[in-house]
Structures are given as C-alpha cells and as structure tokens.
Amino acid sequence: MAVAYERIADELRRFIRTGELGPGDRLPAESKLARTYGLSVPTIRDALRLLRDEGLIEEHRGRGDFVRRPRATVLRTNDRHQWEKRQARAPQAERLKTGATEYDTGLRINELGFQAFYREVPADESLSVIFGVPVGEPLLERTYRTRHVVETAPLSLVTSYMVLGLIEKNADLLDESNEPWPGGTQNQLFTVGIELSRIEEHVTARPPTPEEVEELGLPPGTSVLILRKTSFDTDDRAVEMSEVTLPGDRTEMLFTTLLERW
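Now for a description of the structure that goes with this document.

Conventions we followed
Residues numbered from 1 in each chain as written. Predicted model: local features only at pLDDT ≥ 70, side-chain atom pairs only at ≥ 80, totals over all residues. Heavy atoms only, no water. Helix = DSSP H or I, 4+ residues; strand = E, 2+ residues; numbered from the N terminus. Buried < 20%, exposed > 50% of the residue type's maximum accessible area, 1.4 Å probe, protein only. Contact = heavy atoms within 4.5 Å. Areas by Shrake-Rupley, 256 points an atom, 1.4 Å probe, with all protein chains shown as cover. Lys, Arg positive; Asp, Glu negative; His and termini not counted. Charge placed at Lys NZ, Arg CZ, Asp CG, Glu CD. Salt bridge = Lys/Arg side-chain N within 4 Å of Asp/Glu carboxyl O. Core = buried A, V, L, I, M, F, W, Y, C linked by side-chain atoms within 4.5 Å. Phe/Tyr/Trp six-rings, centres within 6.5 Å; stacked < 30°, edge-to-face > 60°. Pairing = 2+ DSSP bridges. Axes fitted to C-alpha atoms, helices over the stretch in contact; angles between N-to-C directions. Arc of directions from axis to C-beta. Parallel < 35°, antiparallel > 145°, perpendicular 65-115°, else oblique. Left-handed = near helix turned anticlockwise from the far one by under 90°. Nonpolar A, V, L, I, M, F, W, Y, C, P; charged D, E, K, R; others polar.

1. Overview of the overall build of the chain
Consideration 1: Assigned secondary structure in the chain consists of ten helices and ten strands.
Consideration 2: Taken along the three principal axes of its C-alpha coordinates, the chain extends 70 × 45 × 40 Å.
Consideration 3: For the chain, with 262 residues in total, the buried portion stands at 44%.
Consideration 4: Here the contacts in the chain between residues at least 6 apart in sequence split such that 60% fall between residues at least 24 apart.
Consideration 5: Accessible area for the chain stands at about 14,900 Å²; split by element, carbon and sulfur atoms hold 50% of it.
Consideration 6: Taking the average place of the 35 positive charges on the side chains of the chain and the average place of its 44 negative ones, the gap between the two points comes to 6 Å.

2. Quick look at the pattern of salt bridges
Consideration 1: Going through the model one piece at a time under the given rule, you end up with 21 salt bridges.
Consideration 2: Close ionic contact of Arg-198 with Glu-200 constitutes a salt bridge, the shortest N to O distance being 2.5 Å.
Consideration 3: Since its relative accessible area comes to 32%, Arg-198 is described here as partly exposed.
Consideration 4: For Glu-212, the salt bridge identified is with Arg-206, shortest N-O distance 2.8 Å.
Consideration 5: Among the residues examined, Arg-206 registers a relative accessible area of 30% and is labelled partly exposed.
Consideration 6: Through salt bridges with shared partners, one network takes in Glu-58, Arg-68, Arg-71, Asp-249 and Arg-250.

3. Examining the nonpolar core
Consideration 1: If you look at the biggest cluster of nonpolar residues, it comprises 19 residues, and the most contacted ones within it are Ile-167 and Leu-189.
Consideration 2: Contributions of two or more residues to this core are made by β4 (112-122), β5 (138-148), β6 (157-163), α8 (164-167), β8 (224-233) and β9 (238-247).
Consideration 3: Of the residues forming this core, the biggest block, three residues, is contributed by β9.
Consideration 4: Counting 16 residues, the second-largest nonpolar core is a separate cluster that includes Ala-9, Ala-47, Leu-48 and Leu-56.

4. Observations concerning the packing of aromatic side chains
Consideration 1: Taken as a whole and judged by the stated rule, the model has two aromatic pairs.
Consideration 2: Aromatic pair Phe-114 and Tyr-144: ring centres 5.6 Å apart, planes at 35 degrees, arrangement tilted. With a gap of 30 residues between them, Phe-114 in strand β4 and Tyr-144 in strand β5 connect regions that are remote in the sequence.
Consideration 3: Accessibility expressed as a relative area gives 11% for Tyr-144, which makes it buried.

5. Re the sheet that holds β9
Consideration 1: Spatial strand order, β4-β5-β6-β9-β8-β7: six strands in an open sheet with antiparallel pairing. With partners counted over all chains shown, the strands left at the sheet margins are β4 and β7 (196-206), one partner each. Between one strand and the next, the sheet's axes are offset by a mean angle of 15 degrees, whatever the strand orientation.
Consideration 2: Bridge analysis of β6 against β9 gives five bridges, and the strand direction is antiparallel. In the sheet register, Ser-160 faces β9, and the bridge partner there is Ser-242.

6. Some remarks on helix α4 (residues 79-88)
Consideration 1: When we look at burial in α4, the residues that qualify are Arg-80, His-81, Trp-83, Glu-84, Gln-87 and Ala-88. Along the axis of α4, the buried positions cluster into a sector of 160 degrees, meaning they face one direction only.
Consideration 2: In this fold, the buried residues of α4 make contact with β3 (74-77), α5 (92-95), α6 (100-105), α9 (184-190), β7 and β8.

7. What to know about the environment of Leu-96
Consideration 1: Relative to the helices and strands, Leu-96 resides in the loop between α5 and α6.
Consideration 2: A relative accessible area of 46% places Leu-96 in the partly exposed class.
Consideration 3: For Leu-96 and Pro-182, which are 86 residues apart along the polypeptide, the C-alpha to C-alpha distance reads 5.2 Å.
Consideration 4: Those residues in contact with Leu-96 that sit more than four places away from it in its chain are Ile-109 and Pro-182.

8. Concerning the packing of helix α1 (residues 4-18) against helix α3 (residues 41-53)
To characterise two packed helices, one gives the angle between the axes of the helices and the distance between these axes.
Consideration 1: Viewed as axis vectors pointing N to C, α1 and α3 meet at an angle of 50 degrees, and their least axial separation amounts to 8 Å. Comparing their axes, α3 and α1 come out oblique. Judged by the sense of rotation from one axis to the other, the crossing of α1 with α3 is right-handed. Where α1 approaches α3, its residues Ala-4, Tyr-5, Ile-8, Ala-9, Leu-12 and Arg-13 are matched on the opposing element by Thr-43, Ile-44, Asp-46, Ala-47, Leu-48, Leu-50 and Leu-51.
Consideration 2: Residues of the contact of α1 with α3, tallied by class, amount to ten nonpolar, one polar and two charged.

This is the structure:
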C-alpha cells in the first residue's frame, strides 16, 4: 500500500501528465498543499522530492517548485563532421545562416545564445602527448557555452585546445569576440591552410560533479557523457582537441558506419 507522500506524488504526477499543470507552472506552496491534503509539511516535502528526483519538477530557490520544461535535445551524429567540412569552404553568407549546434538540435540561429572565453595555457603532459609538442607549449584554450534562449542551462560544456603556433598567423583566430565563428573550427583551420582528414571521438559516462549539476541543471541521478574529440589534418597531425560534457537526460548519440560492399 502506498504511503501518504507517494499518494500525493501520484496525484501531482497525474496533474503534470494530463496537462493540468503545464511546463513552467508553479506548484502550490508546501503549506497550501499540506492544508489541501490534510498532511504535514514534511510529508509534502517528501512527495515533492520524489517528483524532483524523477525530473518532473524543479525547485527555484526562493520561488518554489515549478513543472520542469522539456529541455532542448541534442542528436549528435558523426555525419556532422563531413557537413562541417563542406561548410568550411562555403561563402560567408551561407556559413552565417547555420552552424553545427543548429545541425544537432534543429534550432534556428536566433534561438541560441552563445558565449566564448579564450585564454593561453601551457600544454600539460596529456595535451603534449595528444599534440606531439613539448610540455609547456603554448595552447589556445577555448571555452564555449551555447543554450536555447528560453533556457538557463547550456546544451553542453565545451573546452577546446589548439596549438597556438599553428593558428597565430591569423590574429582573428585569437579573439573571442569573433565568436560564434561562421563555419566553426574547420573554417578557422581552413583560414591558416589546414584541412582535416579524420576525427576521433571517444565517449565515456560518469556521475557529474556538483558544479556540472548546477551549471547543466541536471535532475538527481543523471549521468553526464564525456566526449573527447581529436581532429587530425592531412599530415595526420592532431590540430584540435575538445572535451564536451553532455547532459545524459537530453542527449542522444548516433553513429552510422558505412561498410564497403564485397
């Protein structure tokens, strides 16, 4: 037999699923729910905690609990890389129309908010191995946050690295104010004569850090996907590496492998 807080959670869950409480609607205050159901506030809190754990509602500090809006979803496929390569040499007017995030989400460019932060960092041991450069070699670290404008949480957390010496002849590539760059990283590399020949992607999953839970707005118990992408040029030299942290509750990854016929 369901205990009291489970019965309350069942009824509130039904209101949400039938649309009586819609996305963004505020739930009644805990004290009002307690009076409505003739139960104690701690019992109501247990019911609300259950719904938060299921990702149906979210707490806004100082404002109460709200029905969680469906988040923009990301379908990331390996087709995006060839699409980006075609875009890299397209006229600027065409490159300005859309980008890889729009490709992954189906959103329009005016539905996205974007931030970029650049800084110079020395290569640590891991990055020196990836790029084949000495420890301490100057790298350009780029941090990106892109979000659906109606949401507060970004779609992912992205940190990208490139060897400074490979790109510094184009000063525009060192200025974060030029972001979002039409045509993305492949066009940026194209401006300094670099063509990509292959991209390696390594995907793992893990529990999020407290900082990732906060920034990505993750429901309790949600894992994150960690995608490490390394791009190689036609000389098989690693020219860019990025680590992408993706929320597991709204990310789908699809990899299609074309097989040669016998």
